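Close look at the chain arrangement
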Amino acid sequence: MVGKVSERVLLREGLERTDNGMKLTSWPDVAPINQKNYYTDYMKRDDQVLALRLETDATRDKLVQNARDKDRMLSKPANGELPLPIPDMVDEDGAATPAGAIDPSRIIVIHPGSQNLRIGFASDALPKTVPTTLATEYAQTESEIHEALPRRQFEAKNNDQVYGEEWSKKYQKMCADLKIEMRANKRKVLPNSKELVQTFNRRTEPEIIPKHNDPLEIDWTDVSDLKNSKSAAPCFIGNEALRIPDDSNPKVKLWWPIRNGCWNEDEYESQEHLYDDFERLLENALKKELGLNTSSEWQQYSVVFVIPDLYDKRYVEQVLMSCMNSFEFSRVSFVQEGMAATFGAGYTQACVVDVGAQKTAVTCVEDGLCIEDSRINLKYGGLDITDTFIKMMLYDNFPYQEMNMQKRSDFLLAEELKIKHCTMSQAEISVQLGDFHVRAPDEATKKYQFKTYDEVILAPMGVFDPAIFDNTTKLRGRRKLVERSYNSYDVDIPDDPASAAQLAILALVEPALLNITNGSQLDTQTTGKDKTAGMSFKSDLGGHGTPADSHAGSPAPEAPGTPAPFIFGAGKDSMHADSPGPNGSRAAGTPVPGQSAPSGIFVEERSAESIADEREAVLPVAPLDVAILTSIEHATKGDDKKMRDLLGSIMVIGGGAKVAHFTVVLEEKLKARRPDLIDRILVSRSAKDMDEQVVAWKGASVFAKLSANDSWITPYEYERLGARTLYHKVLWAW
């Protein structure tokens, strides 16, 4: 043991202890929190949220300014007479604009679709329509890169092998079913109609029309302007791009930034290229269609942007960033398509069926807001009808066998043929003689005669039997460039909006989705604000996901805010023949939605991210009538009166629904599905005989004129909060 060392030794070794009375740090001492009783009001008051505080300050400043203006006006007249009040300004369409509100001619309404972009001022009666495509110089054209559309094997020996034996059997079955149905409806059916059509089409030869005798000659776009352009990235937009010859010099390729209602990640190699093309499309539309040529003019305008009902958060955040950083608009607001459609048609409550070019959306809207669990997004539309119609005619020896919708001229021809001939009325089904012109650049026009029979009705009827559509490439490239959104506080949980009705459609296509659950989320209960795409399937199975937690046949309580998915036709009307049992019950091993998994059935537990991957790997395709009834069932949640009201206010919009007698046939299909409510079901088009393609845009323009609108996002808010400001500004649960 070492003895005590003297101070002299410590001084010699430099270890002498000194105390000058100074603290070790200048940081103030903080008293510990009393763990038994402490409270904080951080972010619990409106005046602590920037977006709400700015809104309150703006309201107060407006009141102060109005009071000052009133005092100034009272002090001006010498005789003491009060001036007359300023009346509200009335627009051409009858909408009153309150005095002092923003001028509708200073608001731009933008509605991008898969095939067409609609843009215009809020004061306009109708929007400008621009195809959402742009053409740039490229080594190969799209017809050289991709296989021909409709897809077929050119080297096969017979039609069944050319178009696939499975598709051929499906087509022949649809033809036979149509004959049976027409005979049941007392309509005349000639036994050899199909043979007459095929024989005539096989023997038809084209008639050559000289160029000077063609009154409807197409003015093709001159691509030499690409070389003469002073722009750093010259391109053609919209109709000009579609009119470029396929054999142009230099070669160009068409780019479509949006496909099937979301980003077209398949054809692009980088995010920057995809986002730049989308911004160039908007920029060109602003300059050529609206006459706003400089960025200094854009800063004086506000924008209302129409987004899908079931959207990707990354898409909305990117649009907001483009509007604020690239275009520098003064304000931006977002509105959902279903909500905008009810504004445009003047409905307070409706089930909106939006049949677009490449997607079909079904949403129930009540009191100006979309019901979250009723939103459905199906990946088919008018372009699938066009593709199937051409495929059916080619199968029946269509005289122009070289048809390829990847070629721009053939794509325009296919759209023209669909619009002219397709119908859903059985009364118009007979052998019809028609003609069309094949116009190609630097070639003489060829006139063909052809006959049609049941192809004109079977192609649009594919919305009730989507298996006839070509669905092979619709999910290709998904999540290749743009990753999904994740929760800010739990980075492993996907954060994109989910819908119980959409999950029911996915479960209808792939019943195995009901057998997975997220083990980490079993004990959580989700509210409407906390729903995420990767939440547990506990509510989908009716209770806890583990088999030992419940007994067979005893339903468990639902988690609040996440109802069990109602799958219409899970019994006798199911899409899958192997799902129901022999007596109408579901087959063993498949749990009934809304009930707990019986003992002995294994329920796989997965992470939230893997569940989201599983969902996105399933293509949401289902018959339109089934989707509508599923959406209404999830919107009403068992309320019989509300269901009857929604069934009586089904509104069909979108360019894909402009086929003749579409609403009549849809109403008949719904009545066949629900014969108990046959007197309540009513399907109609938009009010006031408005064009179905512009209803959503028109509703967004009405929304833009509202004086009391708290959803405007300013550059000041975006600069400080970024995309987080959407949580406080959008009118629905973000």
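Our structure's up above, just so we're on the same page.
Summary of the structure given here. As the structure is a prediction and not an experimental result, all values here were calculated from the model. (Residues numbered from 1 in each chain as written. Predicted model: local features only at pLDDT ≥ 70, side-chain atom pairs only at ≥ 80, totals over all residues. Heavy atoms only, no water.)

1. A few points about the sheet that holds strand β7 (residues 207-209)
Taking strand neighbours across the sheet as the criterion, the 3 strands line up as β7-β19-β18 in an open arrangement whose pairing is antiparallel. Of all the strands in the sheet, just β7 and β18 (432-438) have a single pairing partner and so form its edges. Direction aside, the axes of adjacent strands within the sheet are offset by 30° on average. Looking at chain direction, β18 and strand β19 (residues 445-452) are connected through 7 bridges and run antiparallel. (Pairing = 2+ DSSP bridges. Helix = DSSP H or I, 4+ residues; strand = E, 2+ residues; numbered from the N terminus. Axes fitted to C-alpha atoms, helices over the stretch in contact; angles between N-to-C directions.)

2. Overview of the pattern of salt bridges
Enumeration according to the criterion identifies 44 salt bridges in this entry. A salt bridge links aspartate 625 to arginine 673; its shortest N-O distance comes to 3.1 Å. Placement of the pair is aspartate 625 in helix α19 (residues 624-636) and arginine 673 in helix α21 (residues 662-673), with a sequence separation of 48 residues. The class of aspartate 625 is buried, set by a relative accessible area of 3%. Since its relative accessible area comes to 24%, arginine 673 is described here as partly exposed. Among the ionic contacts, a cluster of salt bridges with common partners joins Glu265, Asp312, Arg478, Arg479, Arg484, Asp496, Asp613 and Glu616. (Salt bridge = Lys/Arg side-chain N within 4 Å of Asp/Glu carboxyl O. Buried < 20%, exposed > 50% of the residue type's maximum accessible area, 1.4 Å probe, protein only.)

3. Side note on the packing of α19 against helix α20 (residues 640-647)
Their axes nearest at 9 Å, the elements α19 and α20 cross at an angle of 145°. The two elements α19 and α20 meet at a crossing, and its hand is right-handed. Taking contact as the criterion, the partners of Leu629, Ile632, Glu633, Ala635 and Thr636 in α19 are, on α20, Lys642, Met643, Leu646 and Leu647. Residues that form the contact of α19 with α20 fall into these classes: 6 nonpolar, 1 polar and 2 charged. (Left-handed = near helix turned anticlockwise from the far one by under 90°. Contact = heavy atoms within 4.5 Å. Nonpolar A, V, L, I, M, F, W, Y, C, P; charged D, E, K, R; others polar.)

4. Here we look at the packing of aromatic side chains
By the definition in use, this model includes 23 aromatic pairs. Look at phenylalanine 327 and phenylalanine 329: their rings are 5.5 Å apart centre to centre, the planes differ by 15°, and that puts the pair in the stacked class. By relative accessible area, phenylalanine 327 is classed as buried at 3%. Residues tyrosine 380 and phenylalanine 469 carry aromatic rings whose centres are separated by 5.7 Å and whose planes lie at 50° to one another, so their mutual orientation is tilted. Here tyrosine 380 is found in the loop between β17 (376-378) and α13 (382-395), whereas its partner phenylalanine 469 is found in the loop between α15 (455-458) and α16 (500-509), with 89 residues between them in sequence. Taken individually, tyrosine 380 and phenylalanine 469 each receive the classification buried, so the pair is uniform in this respect. Through a chain of ring-to-ring contacts, the aromatic side chains of Phe398, Tyr400, Phe436, Tyr448 and Phe450 assemble into a single cluster. One residue, arginine 106, lies across the ring of tyrosine 301, its end atom 5.0 Å from the ring centre. One Lys or Arg, lysine 391, reaches over the ring of tryptophan 167 and ends 4.7 Å from the middle of that ring. (Phe/Tyr/Trp six-rings, centres within 6.5 Å; stacked < 30°, edge-to-face > 60°. Lys NZ or Arg CZ within 6 Å of the ring centre and 35° of its normal.)

5. Looking at the nonpolar core
Buried together is how nonpolar side chains tend to be arranged in soluble globular proteins. The biggest cluster of nonpolar side chains holds 90 residues, and the ones touching the most others in it are Leu417 and Ile628. A total of 8 residues in this core trace back to one element, the largest contributor, which is α13. (Core = buried A, V, L, I, M, F, W, Y, C linked by side-chain atoms within 4.5 Å.)

6. So, unusual backbone geometry
Omega for the bond connecting leucine 149 with proline 150 falls within 30 degrees of zero, at -5°, which places this linkage in the cis form. Along the chain, proline 150 falls in the loop between α3 (142-145) and α4 (159-163). Between asparagine 249 and the following residue, proline 250, the backbone shows a cis peptide bond with an omega angle of 5°. Relative to the assigned elements, proline 250 resides in the loop between α8 (239-242) and β9 (252-255).

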